[in-house]
Amino acid sequence: MSELSPLQQQYIKKRRQERHIVCTVRVLIFLLFLLLWEIASGCGWIDSFIFSSPSRILKTFFQMCLSENLMHHISITLEETLISFFLVVTVGTGIAILLWLFPKASQIAEPYFVVLNSLPKSALAPLLIVWLGANMRTIIVAGISVAIFGSVINLYTGFQDVDTEKLKLVTTLGGNRRHQLFKIVLPASIPLILSVMKVNIGLCLVGVVIGEFIGAREGLGYLIIYGSQTFKLNWVIMSIVILCIIAMMLYAVLGLLEKRYMKRI
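So, how was this worked out
- Residues numbered from 1 in each chain as written.
- Predicted model: local features only at pLDDT ≥ 70, side-chain atom pairs only at ≥ 80, totals over all residues.
- Heavy atoms only, no water.
- Patch = residues over 30% accessible without salt bridge, like charges linked within 9 Å, V, L, I, M, F, W, Y side chains within 5 Å.
- Areas by Shrake-Rupley, 256 points an atom, 1.4 Å probe, with all protein chains shown as cover.
- Salt bridge = Lys/Arg side-chain N within 4 Å of Asp/Glu carboxyl O.
- Lys, Arg positive; Asp, Glu negative; His and termini not counted.
- Charge placed at Lys NZ, Arg CZ, Asp CG, Glu CD.
- Helix = DSSP H or I, 4+ residues; strand = E, 2+ residues; numbered from the N terminus.
- Buried < 20%, exposed > 50% of the residue type's maximum accessible area, 1.4 Å probe, protein only.
- Core = buried A, V, L, I, M, F, W, Y, C linked by side-chain atoms within 4.5 Å.
- Contact = heavy atoms within 4.5 Å.

Together, Arg16, Arg19, Arg26, Lys259, Arg260 and Lys263 line one region of the surface with positive charge. Counting residues per element, the ones that place at least two in the positive patch are α1 (6-42) and α11 (233-264). Examined against the element boundaries, Lys263 turns out to sit in helix α11. Overall, the relative accessible area of 73% leaves Lys263 in the exposed class.

Have a look at this one:
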């Protein structure tokens with residue numbers, strides 16, 4: 001491998017410096033927000049009972065780890081999210097592949113997927129509780145319902161946007177639609193699948209929390225509802241902060257996976 005020219009090295013160095021600046025500014029903004037929040041709460045500018053404060057949230061976190069089995073609630077929500085995410089990825093990709101393989105079926109099913117994707121999923125959660133009962137299975141289904149239809153639509157649209165000239169070439173060489181799928185469509189759609197996965201992980205978390213709001217006795221969604229009903233607002237805000245951290249971590253993992261794949265191609 002040839003060495004980089006001075007201009008290339010200068011460009012790479014400049015890009016790294018820009019990334020470092022962006023990361024530093026992000027961290028400083030976050031720390032400034034926490035500082036202002038703590039000062040506003042301590043000085044009485046905002047009601048500390050309603051808005052809490054970073055120090056009170058941190059204290060509540062450690063207290064609940066010892067007395068309320070907080071880690072169990074976090075693990076339940078994380079488990080439900082990962083299961084629903086796995087099912088959304090596998091089932092959604094499978095349905096999108098079937099729709100691409102059978103164009104007439106896709107023409108029939110497309111309006112139904114559009115309507116189902118437009119439905120407010122929070123309205124379905126009470127029905128799911130009645131149909132399936134108040135258990136983990138229902139919450140996983142709630143998580144799936146939020147992401148599955150949009151995932152199918154996006155993946156199927158991406159499959160259709162694959163270079164038609166390459167598909168014609170496969171047909172010219174004697175290949176069929178199955179060969180087009182495995183030789184052209186799926187390899188070309190891996191970046192799209194990874195991008196859709198990054199969106200789905202957040203949607204699955206939202207769906208799981210919606211399900212926990214209504215029919216759970218454990219999980220972070222349950223803590224939010226229970227805390228709001230008993231005016232333990234430190235519990236509520238702490239649970240929301242933990243959900244934000246979980247969402248960021250899961251998104252970062254998928255982003256790292258996407259970056260590693262893009263470097264290989």
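Attention shifts here to the nonpolar core. Leu70, Phe159 and Leu220 are the most contacted members of the largest nonpolar core, which totals 51 residues. Ranked by residues supplied to this core, first place goes to helix α9 (residues 177-215) with twelve residues. In this structure, Phe159 is in contact with Ala96, Ile97, Trp100, Val185, Leu186 and Ser189, ignoring residues within four places of it in sequence.

We now examine the pattern of salt bridges. In total, this model carries two salt bridges according to the counting rule given. As a salt-bridge pair, Glu18 and Arg15 come within 3.9 Å of each other at their nearest N and O atoms. Of this pair, Glu18 and Arg15 are both found in helix α1, three residues apart, which corresponds to roughly one turn of the helix. Of the residues examined, Glu18 reaches a relative accessible area of 39% and is grouped as partly exposed.

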